[in-house]
Amino acid sequence: MATKANLVQEYPLGVALAAAQRRTLPSVLLLRLQRSKTALLGLTIVLVVIASALLAGYLAPHDPTAQNLSKRLLPPFWMSGNMEYLLGTDPLGRDILSRIIYGSRISLLVGLCSVAISGTIGVFLGLLSGYYGGRADSFIMRLADIQLGVPFLVLAIAVVAMLQPGLRNIIIVLGLTGWVLYGRIVRGEVLSVKEREFVEAARAIGAQNHRIIRLHILPNVSTSIIVVGTLQVAHMIIAEASLSFLGLGVQPPTPTWGGMVADGRDYLALAWWVSTVPGVAIFLTVLGINLLGDWLRDSLDPTLKL
């Protein structure tokens, strides 16, 4: 009887293929993550932002809404040597570092919740449009075309202006106006998947349409949904910051990154850090999410071999 060592020597390719097949998707993703420096950088940034949002009460050195006019517009520590306010203060004497830490809560909450709403609506309509076709497809796609005819941010501004600005309304507006991308991508994927043999086989044995969509089509388009959702979180963070900058987002004194940028626009020549520091926070957060999203797109590409 051949031993395991002899089998490995005689059939090295077969053993390697068997080992590769035993790898689970999470283990493969973890291996690829370790090999990608840009993905690790993006993951590190995202984890830091998440930790700041969850532990804001412990990490913030000062009350983010406490005003002290005697210490207004203090420069960062590398300019003043003042370690009490590491990133300086704003025109009302509030600590910028504390406001950035607490502002990460708003940005992540808006980004994640709005993506959850828009993703749910878009995926549902995309599945319905792509699988059933006909009048449902025509109606949904014409609705998407109409919404695409109006720029996303302009539409969000118009809707928020009619409603009362606030956290809940911002999440609802961004969620309801962001479904088109999901719907169009999922529809295209479904049009391809529903013609494959395993779907035809499910129909042949009498499987109902909702069961085919749930068990056979949705899992095969889920990778695209994950990638798009990850990248859209960054897009929603920018949209929330833009609305807050215009005064249509979460209202003061709640700290938001877009609102902090707006607070310092009249002091750029005198105190550039008031707007620049929260702007850098937005840039780094969006960069980290995009790097992670690009890595997910490449790693979950079905054309790549696991």
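Residues numbered from 1 in each chain as written. Predicted model: local features only at pLDDT ≥ 70, side-chain atom pairs only at ≥ 80, totals over all residues. Heavy atoms only, no water.

## Quick word on helix α13 (residues 209-245)
Here comes step 1: Between its first and last C-alpha, α13 extends only 46 Å over 37 residues, short of the 54 Å set by a 1.5 Å rise per residue.
Here comes step 2: Along α13, the sharpest kink reaches roughly 50 degrees, centred on Leu-218 and followed within four residues by the proline Pro-219.
Here comes step 3: Looking one or two places after α13, you find Gly-247, whose phi comes out positive at around 85 degrees. (Helix = DSSP H or I, 4+ residues; strand = E, 2+ residues; numbered from the N terminus. Expected span 1.5 Å × (residues − 1). Bend = angle between axes of the 7 residues up to and from the residue.)

## Notes on the confidence of the model for the chain
Here comes step 1: Looking at the chain, the pLDDT average stands at 84 and 89% of residues meet or exceed 70.
Here comes step 2: Mean pLDDT across the elements of the chain bottoms out in helix α2 (residues 12-22) (43) and peaks in helix α7 (residues 96-132) (93).
Here comes step 3: The low-confidence segment residues 4-22, where pLDDT is below 50, has four contacts with residues more than four positions distant or belonging to other chains. (pLDDT = per-residue confidence, 0-100. Contact = heavy atoms within 4.5 Å.)

## Some points on the nonpolar core
Here comes step 1: Residues Ile-96, Ile-100, Leu-174 and Trp-257 are the most contacted members of the largest nonpolar core, which totals 51 residues.
Here comes step 2: Of all the secondary-structure elements, those providing two or more residues to this core are α4 (37-54), α7, α9 (152-162), α10 (167-177), α13, α14 (257-263) and α15 (273-299).
Here comes step 3: If one sorts the elements of this core by residue count, α15 sits on top with ten residues.
Here comes step 4: What Trp-257 contacts, discounting residues up to four positions off in sequence, is Val-49, Arg-99, Ile-100, Gly-103, Ser-104, Ser-107, Pro-278, Ala-281, Ile-282 and Thr-285.
Here comes step 5: Formed by twelve residues, the second largest nonpolar core is a distinct cluster that contains Val-123, Leu-127, Tyr-131 and Ile-217. (Core = buried A, V, L, I, M, F, W, Y, C linked by side-chain atoms within 4.5 Å. Buried < 20%, exposed > 50% of the residue type's maximum accessible area, 1.4 Å probe, protein only.)

## Describing the side chain of Ser-98
Here comes step 1: Here Ser-98 is to be found in helix α7.
Here comes step 2: Setting aside residues up to four positions removed in sequence, Ser-98 forms contacts with Ala-60, Pro-61, His-62 and Pro-64.

## Section: the packing of aromatic side chains
Here comes step 1: Inspection of the entire model under this criterion finds three aromatic pairs.
Here comes step 2: Pairing Phe-77 with Trp-78 gives two aromatic rings, centres 5.4 Å apart and planes at 80 degrees, and the pair type is edge-to-face.
Here comes step 3: For the pair Trp-272 and Trp-273, a centre-to-centre distance of 5.8 Å together with 80 degrees between the ring planes defines the contact as edge-to-face.
Here comes step 4: When its relative accessible area of 34% is taken as the criterion, Trp-272 is described as partly exposed.
Here comes step 5: We classify Trp-273 as buried; its relative accessible area is 4%.
Here comes step 6: Above the ring of Phe-245, the side-chain terminus of Arg-265 is found at 5.1 Å from the ring centroid. (Phe/Tyr/Trp six-rings, centres within 6.5 Å; stacked < 30°, edge-to-face > 60°. Lys NZ or Arg CZ within 6 Å of the ring centre and 35° of its normal.)

## Some words on the packing of α7 against helix α8 (residues 134-148)
Here comes step 1: As a packed pair, α7 and α8 sit with axes 7 Å apart at the nearest point and diverge in direction by 135 degrees. Between α7 and α8, the angle is such that the two are oblique. Here the hand of the crossing between α7 and α8 comes out left-handed. Contacts from Leu-125, Leu-128, Ser-129 and Tyr-132 in α7 reach Gly-134, Asp-137, Ile-140 and Met-141 in α8. (Axes fitted to C-alpha atoms, helices over the stretch in contact; angles between N-to-C directions. Parallel < 35°, antiparallel > 145°, perpendicular 65-115°, else oblique. Left-handed = near helix turned anticlockwise from the far one by under 90°.)

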